[in-house]
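Chain and residue survey
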Amino acid sequence: SPSPIKPAVYLGMVGDADFNFREIRVLDAALDEAGALHRVFYFEGRHAWPEPALCARALDWLDVAAMASGALPKDEAFLNEVFAREVREAQALEGAGRIPAAADAGDAILAFFGGLLDTSALAARTARLKESKDFERGRKEDRKRAELETAAAAGFREALQAIGRASQLGPEIL
């Protein structure tokens with residue numbers, strides 16, 4: 001009989017001006033809902049490779065996941081270093097007023113580091129962020145952006161369909 005599929009770790013990166021941004025946000029939410037261990041890094045930019053430092057961070061996250069699963073031996077110094085760096089990154093997001101992003105980063109850190117390190121202080125901080133008015137305001141802005149993107153995509157789709165219909169009538173119409 002075939003061996004069961006082992007849970008995988010998903011790691012993604014997408015720029016905030018990338019044409020795939022919306023799809024990755026939807027995937028991120030679906031992975032959250034499914035309880036899948038994952039991390040999506042959002043960076044400023046278009047559809048391109050992120051900065052090398054972000055790629056290095058992503059590789060660190062994979063090592064943390066491997067340590068959590070037992071595929072790599074637990075390295076306390078490495079775990080503490082990565083944990084501290086990622087908490088600083090989440091705090092920087094919070095300091096920049098990006099409360100939903102800070103809370104999402106906190107959730108990801110908790111998912112990856114839970115059971116490896118004491119994450120209780122981060123859990124409390126993340127919970128406070130999620131209870132704030134700034135969090136709800138940011139989520140509302142996220143939903144508004146998603147609605148605008150959906151409407152724009154529908155408009156493009158309708159325009160392309162109209163061009164397709166016109167081209168079937170013959171070249172003199174175009």
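Residues numbered from 1 in each chain as written. Predicted model: local features only at pLDDT ≥ 70, side-chain atom pairs only at ≥ 80, totals over all residues. Heavy atoms only, no water.

**A few points about the overall build of the protein**
The secondary structure content of the protein amounts to six helices and two strands. N-terminal to C-terminal, the α/β element order of the protein is β-α-β-α-α-α-α-α. Relative to the compact-globule value of 16 Å for 174 residues, the protein shows a C-alpha radius of gyration of 20 Å, a clear excess of over 25%. With the principal axes as the frame, the protein shows a C-alpha extent of 70 × 50 × 35 Å. The buried share of the protein, taken over its 174 residues, is 31%. Pairs at least 24 residues apart make up 63% of the contacts formed inside the protein by residues separated by at least 6 positions. (Helix = DSSP H or I, 4+ residues; strand = E, 2+ residues; numbered from the N terminus. Rg over C-alpha atoms; globule rule 2.2 N^0.38 Å. Buried < 20%, exposed > 50% of the residue type's maximum accessible area, 1.4 Å probe, protein only. Contact = heavy atoms within 4.5 Å.)

**A short note on the packing of aromatic side chains**
If you walk through the whole model with that rule in mind, you get five aromatic pairs. Their ring planes at 65° and their centres at 5.7 Å tell us that Phe21 and Tyr42 sit as a pair that is edge-to-face. Of this pair, Phe21 sits in helix α1 (residues 21-34) while Tyr42 sits in strand β2 (residues 38-43); the two residues are 21 residues apart in sequence, bridging distant segments of the chain. Owing to a relative accessible area of 10%, Phe21 belongs among the buried residues under this scheme. Clustering of aromatic rings is evident, with ring pairs tying together Phe41, Trp61, Phe83, Phe112 and Phe113. Note that Arg25 overlies the ring of Tyr42, its terminal NZ or CZ placed 5.3 Å from the centroid. The positively charged end of Arg39 is found above the aromatic ring belonging to Phe41, 4.4 Å away from the centroid. (Phe/Tyr/Trp six-rings, centres within 6.5 Å; stacked < 30°, edge-to-face > 60°. Lys NZ or Arg CZ within 6 Å of the ring centre and 35° of its normal.)

**Focus on α1**
Here α1 is 14 residues long and its end C-alpha atoms lie 20 Å apart, about the 20 Å a rise of 1.5 Å per residue gives. What α1 keeps buried is the set Phe21, Ile24, Asp28 and Leu31. The buried side chains of α1 occupy one side of the element, clustering within an arc of 85° when seen end-on. Relative to its buried face, α1 has exposed residues pointing more than 90 degrees away, namely Glu33 and Ala34. (Expected span 1.5 Å × (residues − 1). Arc of directions from axis to C-beta.)

**Considerations on the pattern of salt bridges**
Taken as a whole and assessed by the stated rule, the structure comprises 12 salt bridges. As a salt-bridge pair, Arg25 and Asp142 come within 3.3 Å of each other at their nearest N and O atoms. Residue Arg25 is located in helix α1, and its partner Asp142 is located in helix α6 (residues 133-169); the two are separated by 117 residues in the primary sequence. Among the residues examined, Arg25 registers a relative accessible area of 24% and is labelled partly exposed. A residue is classified by how much of its surface remains accessible, and Asp142, at 31% relative accessible area, is partly exposed. (Salt bridge = Lys/Arg side-chain N within 4 Å of Asp/Glu carboxyl O.)

**Observations concerning empty space enclosed by the protein**
Tallied over the entire structure, the rule returns one cavity of 30 Å³ or more. Val87, Ala90, Gln91, Glu94, Ala102, Gly106, Leu122, Arg125, Thr126 and Leu129 are the residues that line the largest cavity. Within the residue set of the lining of the largest cavity, elements represented by two or more residues are α3 (76-95), α4 (99-113) and α5 (120-130). Grouping the constituent residues of the lining of the largest cavity by class yields five nonpolar, three polar and two charged. (1 Å grid on protein atoms, 1.4 Å probe; cavity = no way out; pocket = protein on both sides within 12 Å on 5 of 7 lines; lining within 4 Å. Points joined across faces, edges and corners; volume = space filled by probe spheres on them. Nonpolar A, V, L, I, M, F, W, Y, C, P; charged D, E, K, R; others polar.)

**A look at the environment of Leu117**
The residue Leu117 is located in the loop between α4 and α5 in this model. By relative accessible area, Leu117 is classed as buried at 15%. Sequence-wise, Leu117 and Glu76 are 41 residues apart; in three dimensions their C-alpha atoms are separated by 8.6 Å. With sequence-adjacent residues up to four places away left out, Leu117 is seen in contact with Glu76, Leu79, Asn80 and Phe83.

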